[in-house]
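This is what each chain is made of:
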Amino acid sequence: MNTTTVATILFSTWAALGAAQVNAAQETPATAKLRARSVELRQEIIRVADGVYTAVGYSPANSAMIVGTDGIVIIDTGLAPAHAERILAEFRKLTPKPVKAIIYT
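Residues numbered from 1 in each chain as written. Predicted model: local features only at pLDDT ≥ 70, side-chain atom pairs only at ≥ 80, totals over all residues. Heavy atoms only, no water.

In this section: the sheet that holds strand S4 (residues 72-75). The five strands lie next to each other as S1-S2-S3-S4-S5, forming an open sheet whose pairing is mixed. The sheet terminates laterally at strand S1 (44-49) and strand S5 (99-103), the two strands that pair on one side only. With direction set aside, neighbouring strand axes in the sheet form an average angle of 20°. Pairing geometry for S4 and S5, over four bridges, is parallel. Each bridged residue has a counterpart across the sheet, and for Ile74 the counterpart in S5 is Ile102. Packed on one face of the sheet, helix H3 (residues 81-92) meets S1, strand S2 (52-56), strand S3 (63-67), S4 and S5 and runs near 30° to S3. (Pairing = 2+ DSSP bridges. Helix = DSSP H or I, 4+ residues; strand = E, 2+ residues; numbered from the N terminus. Axes fitted to C-alpha atoms, helices over the stretch in contact; angles between N-to-C directions. Contact = heavy atoms within 4.5 Å.)

This is the structure:
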C-alpha cells in the first residue's frame, strides 16, 4: 500500500469521525486519539503573506494560492477532484480572479 493510499484512508476515517457524534461512554482510547488528531486536521485557509494563502485539511496534501494582478496561480490541487472543488470554493471567497496557472509539485 503506497503513502497516497494510506493518507486517503486516514483522511476518509478522519472525515467520518468528524461527522459522527460518538457517545462519551462508547469512546475508546483509539477514538479519543483520532478525535484529538482531527483538531490538527481542521479545514482552514491560512494567509501566509500578502496575496499568498494555503489550504490545509481539505486533502491529505496542502494546496496554495498566489494572487497576482490579473489572476491566481494554484499550487497543488489536492488528491481528488472533490478536494480541488472544495479548495477552489474556499479560495473563491478571497478573490474572483481567474486561474492563470496550476503548478503540480
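Let us keep going from here.
Here we take up the confidence of the model for the chain. A residue-level look at the chain finds 71% of positions with pLDDT of 70 or above and a mean pLDDT of 80. Scored below 50 in pLDDT, residues 5-10 makes five contacts in the model with residues more than four places away or belonging to other chains. (pLDDT = per-residue confidence, 0-100.)

The next point concerns H3. Side chains that are three or four residues apart share a direction in an α-helix, a result of its 3.6 residues per turn. When the terminal C-alpha atoms of H3 are compared, their 16 Å separation across twelve residues agrees well with the 16 Å that a helix rising 1.5 Å per residue should span. For H3, the set of buried residues is His83, Ile87 and Phe91. Down the axis, H3 shows its buried residues gathered within 65° of arc, on one side only. Residues Pro81 and Glu85 are exposed on H3 and point more than 90 degrees away from its buried face. (Expected span 1.5 Å × (residues − 1). Buried < 20%, exposed > 50% of the residue type's maximum accessible area, 1.4 Å probe, protein only. Arc of directions from axis to C-beta.)

With that settled, the discussion passes to the environment of Val67. For Val67, the location among the structural elements is in strand S3. Taking the relative accessible area as the measure of exposure, Val67 reaches 26% and is therefore partly exposed. Discounting chain neighbours no more than four positions away, the residues touching Val67 are Gly51, Tyr53, Ile72, Thr95 and Lys97.

Before going further, it helps to spend a moment on the pattern of salt bridges. Across all of its chains, the model carries four salt bridges by this definition. Across the salt bridge formed by Glu90 and Lys93, the nearest N and O atoms sit 3.0 Å from each other. Exposure remark for Glu90: the relative accessible area of 21% places this residue in the partly exposed category. (Salt bridge = Lys/Arg side-chain N within 4 Å of Asp/Glu carboxyl O.)

All right, on to the nonpolar core then. Tyr53, Ala55, Tyr58, Met65, Ile72, Ile74, Ile87 and Phe91 form the largest nonpolar core, which has eight residues in total. Elements that contribute at least two residues to this core include exactly S2, S4 and H3. (Core = buried A, V, L, I, M, F, W, Y, C linked by side-chain atoms within 4.5 Å.)

In this section: the pairing of S2. In terms of burial, S2 is largely enclosed, as four of its five residues are buried. As paired elements, S1 and S2 share five bridges and run antiparallel to each other. By the bridge assignment, Arg47 is partnered in S2 with Tyr53. Two successive antiparallel strands, S1 and S2, enclose a turn made up of two residues, where Gly51 displays a positive phi of approximately 75°. Judged from the four bridges that link them, S2 and S3 form a sheet pairing that is antiparallel. Looking across to S3, one finds that Thr54 is bridged to Ala64. In textbook terms, the turn of a hairpin is the stretch between consecutive antiparallel strands, and for S2 and S3 this stretch comprises six residues, one of which, Gly57, has a positive phi near 90°.

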